[in-house]
Each structure stands twice: as structure tokens, then as C-alpha cells.
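Survey of secondary and tertiary structure
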Amino acid sequence: MPYILGCVSQKGGVGKSTIARGMAVALTQQGYKVRLADLDTAQGTSVEWYRRRLNGGGEPRAAEEYYKTAREALEKCRDGDVLVVDAQGRSSESTLDLAHAAHEHVQKAAG
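Quick word on the overall build of the protein
The number of helices and strands found in the protein is four helices and five strands. Start at the N end of the protein and walk to the C end: the helices and strands fall as β-α-β-α-β-α-β-α-β. A total of 111 residues make up the protein; the buried ones form 41% of that total. Counting only carbon and sulfur atoms, one obtains 48% of the accessible surface of the protein, whose full area is about 6100 Å².

So this is what it looks like as C-alpha cells:
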């Protein structure tokens, strides 16, 4: 089971995806096998950045995928060293599941 880092916020648009992606890239550069789970299927910021990087000829830094819930991401992402979870910009049952499972939490406040 990978080390789990959860990035959460009560609000969208506060830089949570930027922090999640930055952590994933930094850990990959240090030699860790990292997966980034984007739980915001409507916005999809982390996965969109990944797609743009690949389309621009860049090398992938971390495996990035959409998941509907934290529970789904935790069940499917059992390989690798680190799982970074970019949660939706609101509290939900999925946020609570992530809070219970994550080894570390980054909570980004507005402002």
C-alpha cells in the first residue's frame, strides 16, 4: 500500500490541484513511483495538465487518473510508493474517507 497524501479544501479554485501536482512531480524527481488521483471529474485540472504535458512532448512525471471517489482511488491505486489525491473542492463522504486513509493531509484554505 502506498503512502497517501490527501489534498483537500472546502472550496474550489484555491490552488489545491497546483499543490497536488507539485508534490507529485517533486516526489517523482526524487525517484518515487507516484500516482496522482484527480477526484474532480467535472474540473479535472490535474489530469488536464498531464494531458497537455504529453501533447506538448513532455515526459510523464506521475501516473494521473480520474476517480469518482476517494474510496475508488484507494482501492485501485495499491501499487507505487506514493498516492497523491487531489480531492474535489468541497466536503463530502469521499473527503471523510480520504481523511481516514491518508497518512498526511494538505488543507488549502481560500485566500
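Topic: the nonpolar core
Core analysis: the biggest nonpolar cluster contains 14 residues, and Ile-4, Ala-37, Leu-39, Tyr-67, Leu-83, Val-85 and Leu-98 have the highest contact counts within it. Among the elements of the structure, strand E1 (3-8), helix H3 (70-76) and strand E4 (82-86) are those that each provide at least two residues to this core. Tallying contributions element by element places H3 first for this core, with three residues. Residues contacting Ile-4, with those up to four places away along its chain left out, are Leu-74, Leu-83, Val-85, Leu-98, Ala-101, Ala-102, His-103 and Glu-104. Formed by 10 residues, the second largest nonpolar core is a distinct cluster that contains Cys-7, Ala-24, Leu-27 and Leu-36.

Description of the side chain of Arg-35
Structurally, Arg-35 is set in strand E2 (residues 34-38). With a relative accessible area of 13%, Arg-35 lands in the buried category. Within the structure, the side chain of Arg-35 is placed 2.5 Å from the side chain of Glu-65, a separation counted as a polar contact.

A look at the pattern of salt bridges
Taken as a whole and assessed by the stated rule, the structure comprises six salt bridges. A salt bridge links Glu-65 to Arg-35; its shortest N-O distance comes to 2.5 Å. Here Glu-65 is found in strand E3 (residues 63-66), whereas its partner Arg-35 is found in strand E2, with 30 residues between them in sequence. Take Glu-65: its relative accessible area is 31%, and that puts it in the partly exposed class.

Comments concerning the pairing of E1
Counting buried residues in E1 gives five out of six residues, a clear majority hidden from the surface. In terms of strand pairing, E1 meets E4 through five bridges, oriented parallel. From the neighbouring strand, Cys-7 faces E4, where its bridge partner is Asp-86. As judged from the four bridges shared by E1 and strand E5 (residues 104-107), these two strands associate in the parallel manner. Each residue of the ladder has a partner; that of Gly-6, found in E5, is His-105.

What counts and how
Residues numbered from 1 in each chain as written. Predicted model: local features only at pLDDT ≥ 70, side-chain atom pairs only at ≥ 80, totals over all residues. Heavy atoms only, no water. Helix = DSSP H or I, 4+ residues; strand = E, 2+ residues; numbered from the N terminus. Buried < 20%, exposed > 50% of the residue type's maximum accessible area, 1.4 Å probe, protein only. Areas by Shrake-Rupley, 256 points an atom, 1.4 Å probe, with all protein chains shown as cover. Core = buried A, V, L, I, M, F, W, Y, C linked by side-chain atoms within 4.5 Å. Contact = heavy atoms within 4.5 Å. Polar contact = N/O pair within 3.5 Å; in protein donor to acceptor, adjacent residues only side chain to side chain. Salt bridge = Lys/Arg side-chain N within 4 Å of Asp/Glu carboxyl O. Pairing = 2+ DSSP bridges.

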